[in-house]
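Here is what each chain is made of, one letter per residue.
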Amino acid sequence: MTYFFRVLHSDMLKMKKSMLKRIHFMIPLFGIVTFLSYYSFSPHSHIGEITGYLQVIGVSFPLLISIVTSICIDQESAAGNFIEMLIGSKIKNMTFLSKMMLLIIMGFLAIMAACVGFYFGFSYLLHRNNFDIGFYIMAALILILSNIFEYIFHLFLSMRYGKSVSMGVGITETMLSAILITDLGYKIWPYIPCAWGTRFVNYWIISNSSSFFINTDSKEIYYAIYSCTILTILAFIISCVWFYHWEGIRTES
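This is a predicted model, so every value here is computed, not measured.

Scoring rules and cut-offs
- Residues numbered from 1 in each chain as written.
- Predicted model: local features only at pLDDT ≥ 70, side-chain atom pairs only at ≥ 80, totals over all residues.
- Heavy atoms only, no water.
- Helix = DSSP H or I, 4+ residues; strand = E, 2+ residues; numbered from the N terminus.
- Buried < 20%, exposed > 50% of the residue type's maximum accessible area, 1.4 Å probe, protein only.
- Contact = heavy atoms within 4.5 Å.
- Lys, Arg positive; Asp, Glu negative; His and termini not counted.
- Charge placed at Lys NZ, Arg CZ, Asp CG, Glu CD.
- Patch = residues over 30% accessible without salt bridge, like charges linked within 9 Å, V, L, I, M, F, W, Y side chains within 5 Å.
- Areas by Shrake-Rupley, 256 points an atom, 1.4 Å probe, with all protein chains shown as cover.
- Salt bridge = Lys/Arg side-chain N within 4 Å of Asp/Glu carboxyl O.
- Axes fitted to C-alpha atoms, helices over the stretch in contact; angles between N-to-C directions.
- Parallel < 35°, antiparallel > 145°, perpendicular 65-115°, else oblique.
- Left-handed = near helix turned anticlockwise from the far one by under 90°.

### Observations concerning the overall build of the chain
When its secondary structure is counted, the chain shows 10 helices and 0 strands. The order of α-helices and β-strands along the chain, N terminus first, is α-α-α-α-α-α-α-α-α-α. C-alpha atoms of the chain, sized along the principal axes, occupy 55 × 40 × 40 Å. The buried share of the chain, reckoned over its 253 residues, is 48%. Look at the contacts in the chain between residues 6 or more apart in sequence, and 76% of them connect residues 24 or more apart. The centroid of the 16 positive side-chain charges in the chain is displaced by 8 Å from the centroid of its 13 negative side-chain charges.

Here's what the structure looks like:
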């Protein structure tokens, strides 16, 4: 474990001057400013505004994940055709796990900043809110935990097929996520990873704003939790086995 943290610290130092840090800072700031500016004169209800903001984060998350993973892996490719990832650690998988953990941590901090920053702006600048800060912290946790599969998936796509494939899939997933949050996603969304974040956070809003929660929705949520947990664990195991045998070769379109 100590060795893993040394590898992770090394990756953090490499990211110190990377544009990934600026992306993770600028996107939440841009989102907060954009939505608060619009909400300052919009006629929507407070719940509707909060729902819209969190849903946009959930829908756009797969695309953002595809972008940051592509940038991260492209940097490794440019720095020596993945030589550092392949032989930079006594235990080969440590470099892969370190990249995965670093991206998830940075994503978590960005999502937390987006949610908590929106809370303060919505509460103290627009003087509106229906929820306390704990609601937004939990929303951020829901979004990041339900998208760990996406980080693993896009790391694989970026390493094996390049950024074009990863970002193309990210765009498709974002559009699919927007569709599946409607009634078209009924019964099928629990089995489609890109829909988890948006749907979970939507139900989190409903459960905190209404005492009425139909039994069908509860069953779907249980199915989605099981599906999310099992598929994320499987993706993690399969990706670790794949990376152990990977030799740095990828097919770029």
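### Regarding a nonpolar patch on the surface
A cluster of nonpolar side chains, namely Tyr191, Tyr222, Tyr223, Ile225, Tyr226, Ile230, Leu234 and Ile238, defines an oily patch on the protein surface of about 890 Å² accessible area. Relative to the helices and strands, Leu234 is located in helix H10 (residues 215-245).

### Here's the deal with the packing of helix H3 (residues 46-78) against helix H6 (residues 133-145)
Contact pair H3 / H6: the axes reach a minimum separation of 11 Å and the direction vectors enclose 20 degrees. Taken together, H3 and H6 sit at an angle that is classed as roughly parallel. Where H3 crosses over H6, the two elements pack in a sense that is right-handed. Every residue of H6 that contacts H3 at Ile50, Leu54, Ile57, Gly58 and Phe61 is listed here: Phe135, Tyr136, Ala139, Leu143 and Ile144.

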